[in-house]
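# Summary of structural features
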Amino acid sequence: MTVHAPATAPTGPASPAAGAPLRGLRVLDLATLFAGPLAATMLGDFGADVVKVEHPRKPDPSRGHGPAKDGIGLWWKVLGRNKRTITLDLSSPGGRDTLLALAADADVIVENFRPGTLERWGLGWEELSTVNPRLVLARVTGFGQFGPYSHRPGFGTLAEAMSGFAAITGEPDGPPTLPPFGLADSIAALATAYAVMTALTARNTTGRGQVVDMAIIEPMLSVIGPHPLWYDQLGYVQPRTGNRSRNNAPRNTYRTADGSWVAVSTSAQSIAERVLRLVGRPELIDEPWFADGTGRAAHADVLDEAVGSWIARHTRDEALAAFEKAEAAIAPVYDVRDVVTDPQYQALGTVTEVQDPELGPIKMQNVLFRLSETPGAIRWPGRPHGADTTDVLTELGLTPAEIDDLREQGAV
């Protein structure tokens, strides 16, 4: 295969949004399930040209995760948005050479193979940085690139267990509890996108790319708070407390008179005082233990009874209105039906409608944050497997005959 210079700038199924801050950034997404691909999605949302590379005969498993409509996986429509999709068998000589040719003009590669896999295929950092010294290689694995666990298969569930999250989640007399969604993967995706942008910023100074080694077990540990410090300095190990907090009270979910649920938080002393006045128990404010969060947490039974009994006598709408009038913190406990109709989410545009060629109009979460000048956009939902292979390889400079040859080899 002859490697050619890129013929033209990519346009993809739709042109990048004007002013997208990452326009011109090229990302190769080699990753699957879920942290690596989601990090690439976040970059694509703000204008990066993301090329999703999948095996010709083994598509990204996320295409088959969760519910489907008309045989089309719905999760992929979100995870694959703003990505052009191509197929390459990276373990084949033709696939390897094509990936190196793509890497020569890329800014970022995101991968999540077990350590040593890319090296076995002749696509390790040595080869990639040789063809492109400015490349940033983001390597997302369960346990990192070295250490005694590095070659184990790793998933977000294991990070949720090993980080201490599961140990502190659940009722005091119940088992450790795992989240029913990809929490650790999502947090690792945020961390990976941040790490990639940090490495790209460093490149502006050094002129060189570098490797991002992201172990999914680490970002999850970072978000649970100062537990290692507490243990180091005090020998304190936080137990499971259900919906209660060891740091303040009242803090819980409470059932309303009409069978709904609301959540109350009193992290600030002034809010705690407003809540107790609202529910008709102002005498508790004068108790010595009420003066700080730790003292209130030690008397959570008393405070939960006071707040819970008041909320139980009111409907959800009544409780929300009364708390809002008192400037106390409360929120309804939503399921997804409530989310898509909530006026605050609607005002923010948090859930947006996107036109999909296969399914028509579909709703999904919008871009992660709002920028006043370069807001980003969902330009298209997840594309079919390999839909853009010919276009991307043509941009690379390959002729139709060379592309056909790669197909005959099984490399694409």
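Every chain is numbered independently, its residues counted from 1 as its sequence is written. With the structure being a predicted model, the display of local features is reserved for residues of pLDDT at least 70 and the display and counting of side-chain atom pairs for 80 or more, all residues being used for whole-chain, interface and lining totals. Processing note: side-chain calculations cover all non-hydrogen atoms of the structure and skip hydrogens and water entirely.

A few words on the packing of aromatic side chains. Two numbers describe a pair of aromatic rings. These are the distance of the centres and the angle of the planes. Pairing of aromatic rings covers Phe, Tyr and Trp, the last counted by its six-membered ring, and requires centre-to-centre distances within 6.5 Å; plane angles under 30 degrees mean stacked, over 60 mean edge-to-face, and any other angle means tilted. What the rule picks out here adds up to seven aromatic pairs. A ring pair is formed by Phe-46 and Phe-369, whose centres lie 4.5 Å apart and whose planes are at 15°; its orientation type is stacked. Residue Phe-46 is found in the loop between α1 (35-45) and β2 (49-54), and its partner Phe-369 is found in the loop between β13 (360-365) and α16 (389-396); the two are separated by 323 residues along the sequence. By relative accessible area, Phe-46 is classed as buried at 5%. Starting at the N terminus, helices and strands are each numbered in turn, a helix being any DSSP run of H or I of at least four residues and a strand any DSSP run of E of at least two. Exposure classes here rest on a 1.4 Å probe applied to the protein chains alone. A residue is buried below 20% of its type maximum, exposed above 50%, and partly exposed in between.

Moving on to α16. Listing the buried residues of α16 in full gives Thr-389, Val-392, Leu-393, Glu-395 and Leu-396. The buried residues of α16 occupy an angular sector of 155° when projected down its axis, which confines them to one face. Residues count as neighbours in contact if any of their non-hydrogen atoms are within 4.5 Å of one another. Packing partners of the buried residues in α16 comprise β2, β5 (83-87), α3 (93-103) and α17 (400-409). Downstream of α16 by one or two residues, Gly-397 has phi in the positive range, about 105°. In this context, the arc is that of the directions from the helix axis out to the C-beta atoms.

A few words now on the sheet that holds strand β9 (residues 252-255). Strands were regarded as paired on the criterion that DSSP finds at least two bridges between them. Strand order across the open sheet formed by three strands is β9-β10-β11, with antiparallel pairing between neighbours. Each end of this open sheet is capped by a strand with a single partner; those strands are β9 and β11 (330-332). When strand polarity is set aside, the average angle formed by the axes of neighbouring strands in this sheet is 30°. In this sheet, β11 lies alongside strand β10 (residues 261-264) in antiparallel orientation, the contact comprising three bridges. Paired with Ala-263 across the bridge in β11 is Ala-331. Axis definition: a line fitted to C-alpha atoms, over the contacting stretch in the case of helices. Angles run 0 to 180 degrees between N-to-C directions. The strands touched by helix α12 (residues 300-312) within the sheet are β9 and β10, with β9 carrying the most contacts at an inclination of about 35°. Against the sheet, helix α13 (residues 316-325) engages β10 and β11, with an angle of about 155° to β11.

Turning next to helix α10 (residues 269-278). Listing the buried residues of α10 in full gives Ile-271, Ala-272, Val-275 and Leu-276. For α10, the angular spread of buried residues about the axis comes to 135°, placing them on one side. Against α11 (293-298), α12 and α13 lie the buried residues of α10. Phi turns positive, to about 80°, at Gly-280, one or two residues after α10.

Let us now look at the packing of α1 against helix α7 (residues 183-206). Orientation of α1 relative to α7, taken along the N-to-C sense of each, is 50°, at an axis distance of 8 Å. Here α1 lies oblique to α7, going by the angle between them. Where α1 crosses over α7, the handedness of that crossing is right-handed. On α7, the residues touching Ala-35, Leu-38, Ala-39, Met-42 and Leu-43 of α1 are Asp-185, Ser-186, Ala-188, Ala-189, Leu-190, Thr-192, Ala-193, Val-196 and Met-197. Taken together, the residues of the contact of α1 with α7 sort by class into 11 nonpolar, two polar and one charged. In what follows, roughly perpendicular refers to angles from 65 to 115 degrees, roughly parallel to angles under 35, roughly antiparallel to angles over 145, and oblique to any angle outside these ranges. Rotating anticlockwise by less than a right angle from the far helix to the near helix defines a left-handed crossing, while the corresponding clockwise rotation defines a right-handed one. Residues are grouped as follows: Ala, Val, Leu, Ile, Met, Phe, Trp, Tyr, Cys and Pro are nonpolar; Asp, Glu, Lys and Arg are charged; all remaining types, including Gly, are polar.

In this text, buried Ala, Val, Leu, Ile, Met, Phe, Trp, Tyr and Cys residues form a nonpolar core when linked through side-chain atoms within 4.5 Å. Judged by nonpolar contacts, the single largest core of 38 residues is most densely connected at Val-27, Ala-48, Val-108, Val-110, Val-212 and Ile-216. Elements represented by at least two residues in this core include exactly α1, β6 (108-111), β7 (136-141), α7, β8 (211-215) and β13. The contact partners of Val-108, leaving out residues within four places of it in the chain, are Arg-26, Val-27, Leu-28, Leu-135, Val-136, Val-196 and Leu-200. Judged by nonpolar contacts, the second largest core, of 27 residues, contains Leu-90, Ile-109, Leu-137 and Leu-406.

What follows concerns a nonpolar patch on the surface. A patch consists of residues exposed above 30% relative accessible area that lack any salt bridge, with like charges linked at up to 9 Å and nonpolar side chains (Val, Leu, Ile, Met, Phe, Trp, Tyr) linked at up to 5 Å. All accessibility values rest on the Shrake-Rupley procedure with a 1.4 Å probe; residue burial counts only the protein chains present in the view. For this document, the term salt bridge refers to a Lys or Arg side-chain nitrogen within 4 Å of an Asp or Glu carboxyl oxygen. Nonpolar side chains collect at one region of the surface, where Tyr-149, Phe-155, Leu-158 and Met-162 lie side by side and expose about 380 Å² of accessible area between them. Following the sequence through the fold, Phe-155 ends up in the loop between β7 and α6 (156-162).

So, about the packing of α16 against α17. Across the interface, α16 lies against α17 with an axial gap of 10 Å and an inter-helix angle of 125°. By the angle between their axes, α16 is oblique relative to α17. Once α16 is placed against α17, the crossing between them reads as right-handed. Listed contacts from α17 to Thr-389, Thr-390, Leu-393 and Thr-394 of α16 are Ile-403, Leu-406 and Arg-407. Class assignment for the residues of the contact of α16 with α17 results in three nonpolar, three polar and one charged.

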